[in-house]
Amino acid sequence: MNMEFESKVYPQIGGFGRYNRVVTVFSWFPNFAVSLNLFCDVFFTLVPESYHCQPDPALLPSSFLLRNYSRQAYLNLTIPWVNGSGLSHCELYKYPTNFTNVTEKVHRAVVPCTRGWQYAKPAGLQSNFVTEDSSVSRFTKAQEDACPIGTELIGFLSGAPRLEALVAWLTLLPPAPVFVWNLVCGNYWKIPLQRICFMTGWILGYILLGTVCDWLGRRRALLLSVSLSGLLGVAVCLANSPAAFQLLRLCHGTVLAGVFLSSYIARLELCDPSRRLMVSMVSGFFAVFAELLLPGLAVLCGDWPVLQAVATLPLLLLLSYWCWASVFPESPRWLLATSQIPQAKRCLQMFSIRNKTCVRDEIYPAETLLTEIDVAFPEDPQPHYHHALELRHTRVIWRNCLILAFTLFIGTGIQYCFTRNLHLYSPQFYFGYFLRTLTGALACVFLCVSVDRVGRRGILLMAAIITGLSSLLLLALTQYLRGGLVLVLSVLGLLSSQALAMLSVFFASEVMPTVVRGGALGLVMAAGSVGIAASSVMELQNNGGYFLHHVVFASFAVLSVLCIMLLPESKRKALPDSLKDGESLRRPPLFLSRGERDNLPLLRTRQPASEYNPDNYSRLVSATRKMLAKESVPYKIVIPSQPPLLPNNCPAQPGRDDSS
C-alpha cells in the first residue's frame with residue numbers, strides 16, 4: 001500500500017522548509033563538479049589551429065647553408081605549401097643529395113614528418129592530449145650543460161651563428177626520454193576515438209548506476225560514484241600513453257554519470273511540484289558557471305594533467321558528504337516507495353525535526369505522520385526493489401521513456417550540425433565556445449520563465465519545431481543565405497536544441513515512477529550520450545557523412561513533433577511512486593471540452609453527507625492497538641481460574657439469589 005507523498009507526507013515534515021533548502025543547495029555542487037570534468041574534454045582534445053612538421057636538416061642537401069635564409073624562406077624550402085591552408089601539416093620536402101642550387105626547379109620528393117611537429121599554442125593549455133611532450137627541442141640537463149645554445153633552438157631558424165655546429169650536435173646526441181603522442185595526421189583518429197570512449201563510459205554509467213540508484217538508494221549511489229570518480233580522476237593525471245588515457249577516461253565517465261544521476265534524482269524528490277522546475281534549472285546554471293570557469297583554469301594550469309587534477313579536486317571535496325549524512329540524506333520518498341518503513345520513519349523524523357515540525361510517536365496521536373504510516377503499513381513489509389527491465393511489462397511508462405529518449409537523442413545529436421556552422425563562420429575557438437555556453441544559459445532562463453506557465457509538453461513541442469525548422473532551413477538554403485543569416489539560424493537552432501535536451505531530461509524525471517526512476521532516467525540519458533557520440537563518429541570519418549548526419553537528425557526532429565503529442569502533462573502534479581501510478585499518467589485530450597456538457601447525469605442527486613471517516617477510524621484502530629500493546633495499562637481483563645458456580649446450560653432455581 002502506498003501513501004500520497006505530496007498530500008499526506010510532505011506537508012507534515014515541513015514542506016520545502018529550511019532543511020530541504022539546505023539539502024537542495026548541497027545537491028547542486030555535484031553538478032558543478034561533474035560539469036567541470038565533462039567540459040575538460042574539450043580542452044584535452046583540442047587540435048591547435050596551426051601546426052606543421054618540424055624541419056629536418058637530414059633531408060636537406062649537404063651544401064645547404066642555413067645562415068643565408070630567413071625563417072619563412074627556410075620553412076618554404078622544407079615544407080610543401082597547400083593552397084587554402086598554408087604549410088602542409090603532415091609532409092616535408094626531401095632534396096637529392098647532390099643538389100646544389102636551390103633556385104633551380106627540381107623534383108623534390110615528399111615524405112612524412114620525421115622529427116615531430118611544431119604547434120601553435122592550443123587554446124588555454126600549453127600542451128594537451130594532442131600535443132603531449134611533442135617538442136623536439138626538449139633537452140636533458142646534460143645536453144643543456146654541454147651546449148649553452150642548445151635551448152635557443154629558435155635561432156636555428158633565424159640565421160644565428162654556429163648553427164651548423166648545433167645541427168651536428170642535435171644529430172649526434174641521443175634525445176631525452178620523453179613521451180611523444182603527436183595525435184595529428186596519421187594518428188588523428190585517436191582523438192575522436194577518445195571522445196567516443198568517454199561518451200561510452202557515460203552510457204554505461206547511466207544504465208548501470210541508474211539501477212544502483214533504485215537498489216541501494218540515492219545517497220549510497222552518490223557516495224559510491226564520488227569515491228570512484230575521485231580515484232579515477234587522479235589516475236587519469238598519471239596516464240602515460242593514449243591507450244591508457246582512453247581507458248581511464250572511459251571508466252571516469254562511467255562513475256561521473258552516476259554522480260550526476262543520483263544527485264539529480266535526489267534533488268527532484270525533495271521538492272514540491274511548484275519548485276521542481278526552478279531547482280532543476282538552477283543546477284543547469286551551475287553547469288554553465290563551470291563551463292565559463294574552465295578557460296581561465298586552463299590558462300592558469302598550462303598542462304592537461306594539472307587541469308585534470310584541479311577538476312578532480314571538487315569530486316574529492318564531495319567525499320565530505322560521507323561524514324555528514326545530514327548534508328545529503330536518503331530520499332524519504334524512495335524509502336516509502338520501496339516499503340523500507342523503519343528507515344523511512346527515521347528519515348522523516350530527521351526532516352521534521354530539522355524543519356522545526358514536531359512528529360512524535362505518542363499513544364494518542366493527534367493526526368501525526370507516523371500514525372498514518374502505521375495505518376498504511378500495519379505490519380512492516382519486506383523491502384521490494386525494482387529494476388528497469390520491468391518496464392517491458394508496462395505500456396504507458398515504456399512509451400513515455402522511448403519518446404523522451406528519442407527527443408533527448410535528437411537534442412544532443414543535432415547540436416553538432418549547428419556548432420559546425422559556427423566554426424565555419426569564425427574559426428576562433430573561443431567564439432564558438434562562449435557562444436555555445438551563452439545559448440545554454442539562455443535556454444535555462446527560457447525554460448524557467450515559460451515551462452510552468454505553458455506546460456512541459458507545450459514547450460517541448462515548440463522546441464522540437466524550432467529545432468527542426470532551423471535544421472531544415474540550414475540544410476536547404478545554406479548556399480543561398482548570407483553569413484549573418486546562417487549564423488542567426490545556427491544560434492537559434494543551438495538554443496532550441498539545448499532547451500529540447502534539458503527539458504527532455506527534466507520531463508523524464510517527472511513522469512518516471514520513483515521505484516524505477518534511476519534506471520528509467522538512466523536509459524533516457526544514455527540515449528542523449530549516444531547523440532553526443534554521433535558527432536565524434538563524424539569526426540572519425542573526417543566529416544565524410546556530415547550531410548547524411550544532418551538529414552537524418554533534421555528528419556528525426558520533424559518526426560518527434562508527432563511523438564511529443566502522446567506524452568502526458570506533469571505540470572504541478574505529484575510524482576508517481578509505483579508502476580501503477582506511472583501507468584495512470586495519460587495524455588490530456590487534444591481539444592479541451594467542458595466536462596459538465598459531456599457528463600450530465602439524467603437525474604441530479606445529492607449524496608448525503610456521511611459522518612463516517614475512514615481515516616479517523618483507522619487512526620482510532622491504530623491508537624487502540626498501541627494502547628493495548630503497552631504493558632503499563634491501567635487495567636487488565638482477568639479470566640477467572642475456577643468455573644462458575646452455576647453452569648451456563650442449567651436454568652436458575654427459583655427462590656435463590658442470583659448473586660449467590
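Residues numbered from 1 in each chain as written. Predicted model: local features only at pLDDT ≥ 70, side-chain atom pairs only at ≥ 80, totals over all residues. Heavy atoms only, no water.

K.L.:
Looking at this structure, how should I read the overall build of the protein?
P.N.:
A count of helical and extended segments in the protein gives 24 helices and six strands. A buried classification covers 51% of the 660 residues belonging to the protein. Of the roughly 33,400 Å² that the protein leaves accessible, carbon and sulfur atoms contribute 63%. (Helix = DSSP H or I, 4+ residues; strand = E, 2+ residues; numbered from the N terminus. Buried < 20%, exposed > 50% of the residue type's maximum accessible area, 1.4 Å probe, protein only. Areas by Shrake-Rupley, 256 points an atom, 1.4 Å probe, with all protein chains shown as cover.)

K.L.:
Even after reading the chapter, I still don't get the state of the cysteines, so can you show me in this structure?
P.N.:
Applying the stated criterion across every chain, the model contains two disulfides. Sulfur-sulfur distance for the disulfide between cysteine 53 and cysteine 113 comes to 1.5 Å. With the S-S dihedral at roughly -40°, the linkage between cysteine 53 and cysteine 113 falls on the left-handed side. Of the two residues, cysteine 53 sits in strand S1 (residues 51-53) while cysteine 113 sits in the loop between strand S5 (109-112) and strand S6 (117-119), which places them 60 residues apart along the sequence. The exposure classification of cysteine 53 matches that of cysteine 113, with both residues buried. Residue pairing for cysteine 90: its cysteine sulfur links by disulfide to cysteine 185, the two sulfurs lying 1.9 Å apart. One disulfide, between cysteine 90 and cysteine 185, carries an S-S torsion of -95° and so falls in the left-handed class. Pair noted here: cysteine 90 is in the loop between strand S3 (86-87) and strand S4 (91-94) and cysteine 185 is in the loop between helix H5 (163-172) and helix H6 (190-216), with a separation of 95 residues, a long-range link. (Disulfide = S-S within 2.5 Å.)

K.L.:
Which parts of the structure should I look at to understand the packing of helix H2 (residues 18-44) against helix H17 (residues 429-454)?
P.N.:
For the pair H2 and H17, the least separation of the axes is 13 Å and the interaxial angle reads 165°. Taken as axis vectors, H2 and H17 run roughly antiparallel relative to one another. Judged by the twist between their axes, the crossing of H2 over H17 is right-handed. Counted together, Phe39, Val42 and Phe43 of H2 and Phe429, Tyr433 and Arg436 of H17 form the full contact between these two elements. Classifying every residue of the contact of H2 with H17 by side-chain character gives five nonpolar, no polar and one charged. (Axes fitted to C-alpha atoms, helices over the stretch in contact; angles between N-to-C directions. Parallel < 35°, antiparallel > 145°, perpendicular 65-115°, else oblique. Left-handed = near helix turned anticlockwise from the far one by under 90°. Contact = heavy atoms within 4.5 Å. Nonpolar A, V, L, I, M, F, W, Y, C, P; charged D, E, K, R; others polar.)

K.L.:
Help me understand the packing of helix H16 (residues 415-425) against helix H19 (residues 483-511), please; the structure alone is not making it clear to me.
P.N.:
Packed helices, taken two at a time, are described by their axes: the angle between them and the distance between them. Close contact between H16 and H19 brings their axes to 9 Å; oriented N to C, the two are set at 150°. The angle between H16 and H19 places the two elements in the roughly antiparallel class. Note that H16 runs across H19; the crossing there is left-handed. Mapping the contact onto sequence places Gln415, Phe418, Thr419, Asn421, Leu422 and Tyr425 in H16 and Gly483, Gly484, Val486, Leu487, Ser490, Val491, Gly493, Leu494, Ser497, Gln498 and Ala501 in H19.

K.L.:
Before we go on, may I ask you to explain the pattern of salt bridges in this structure?
P.N.:
Tallied over the full model, the rule gives 11 salt bridges. For the salt bridge of aspartate 214 with arginine 218, the shortest nitrogen-to-oxygen distance reads 3.4 Å. Residue class for aspartate 214 comes out buried when judged on its relative accessible area of 0%. Accessibility expressed as a relative area gives 0% for arginine 218, which makes it buried. (Salt bridge = Lys/Arg side-chain N within 4 Å of Asp/Glu carboxyl O.)

K.L.:
Looking at this structure, how should I read the nonpolar core?
P.N.:
A general trend in soluble globular proteins is that nonpolar side chains are found buried together. If you look at the biggest cluster of nonpolar residues, it comprises 87 residues, and the most contacted ones within it are Trp202, Tyr206, Leu404, Leu460 and Leu521. Here this core gets 13 residues from one element, more than from any other, and that element is H19. Setting aside anything within four residues of it in sequence, one finds leucine 404 in contact with Leu460, Ser504, Phe507, Ala508, Val511, Val524 and Leu567. In this structure, Phe39, Val111, Leu125 and Leu307 belong to the second largest nonpolar core, which totals 41 residues. (Core = buried A, V, L, I, M, F, W, Y, C linked by side-chain atoms within 4.5 Å.)

K.L.:
Honestly, helix H20 (residues 517-540) in this entry has me stumped. Any pointers?
P.N.:
In an α-helix, one full turn covers 3.6 residues, which means residues spaced three or four apart are oriented alike. Taking 1.5 Å per residue, 24 residues should reach 34 Å; H20 reaches 34 Å between its end C-alpha atoms and fits that length. With 19 of its 24 residues buried, H20 lies for the most part within the structure. Remark: asparagine 542 follows H20 within two positions and exhibits a positive phi of approximately 60°. (Expected span 1.5 Å × (residues − 1).)

K.L.:
Would you mind showing me how to read a nonpolar patch on the surface here?
P.N.:
A surface patch of nonpolar side chains, amounting to about 420 Å² of accessible area, comprises Val234, Leu313, Leu316, Leu317 and Leu319. The element that contributes the greatest number of residues to the nonpolar patch is helix H10 (residues 304-317), accounting for three residues. Turning to its location among the elements, leucine 313 is positioned in helix H10. Judged by relative accessible area, leucine 313 falls into the partly exposed class, the value being 48%. (Patch = residues over 30% accessible without salt bridge, like charges linked within 9 Å, V, L, I, M, F, W, Y side chains within 5 Å.)

K.L.:
What is the right way to read the environment of phenylalanine 418 from this model?
P.N.:
Position of phenylalanine 418 relative to the elements: it lies in helix H16. A sequence separation of 77 residues divides phenylalanine 418 from leucine 495, and the C-alpha atoms of the two residues are 9.7 Å apart.

K.L.:
When you look at unusual backbone geometry in this model, what are you seeing that I'm missing?
P.N.:
Trans peptide bonds make up the majority, and among non-glycine residues the majority have a negative phi. One non-glycine residue, serine 339, adopts positive backbone phi at about 65°. Within the secondary structure, serine 339 sits in the loop between helix H12 (332-337) and helix H13 (341-354). Using a relative accessible area of 14% as the deciding quantity, one classes serine 339 as buried. Unlike most non-glycine residues, arginine 572 shows phi in positive territory, near 55°. Assignment of secondary structure puts arginine 572 in the loop between helix H21 (546-564) and helix H22 (579-583). The exposure class assigned to arginine 572 is exposed, which follows from its relative accessible area of 54%.

K.L.:
What is the right way to look at the confidence of the model for the protein in this model?
P.N.:
Per-chain confidence: the protein averages 79 in pLDDT, with 75% of residues scoring 70 or above. Within the protein, helix H15 (residues 396-413) carries the highest mean pLDDT (95), whereas helix H4 (residues 141-146) carries the lowest (38). Across residues 632-637 the pLDDT falls below 50, and counting only partners more than four positions away or on other chains, this stretch makes two contacts in the model. Contacts for the low-pLDDT stretch residues 649-660, under 50 throughout, to residues beyond four places or in other chains number two contacts. (pLDDT = per-residue confidence, 0-100.)

K.L.:
What is the right way to look at the packing of aromatic side chains in this model?
P.N.:
Where two aromatic rings form a pair, the distance of their centres and the angle of their planes describe that pair. Per the stated rule, a full pass over the model turns up 28 aromatic pairs. Between phenylalanine 260 and tyrosine 264, the aromatic rings sit 5.7 Å apart at their centres with planes inclined by 35°, giving tilted as the arrangement. Residue phenylalanine 260 and its partner tyrosine 264 are located together in helix H8 (residues 242-269), separated by four residues, close to a single helical turn. An aromatic cluster of three or more residues is present, and its members are Phe26, Trp28, Phe29, Phe286, Tyr321 and Phe328. (Phe/Tyr/Trp six-rings, centres within 6.5 Å; stacked < 30°, edge-to-face > 60°.)

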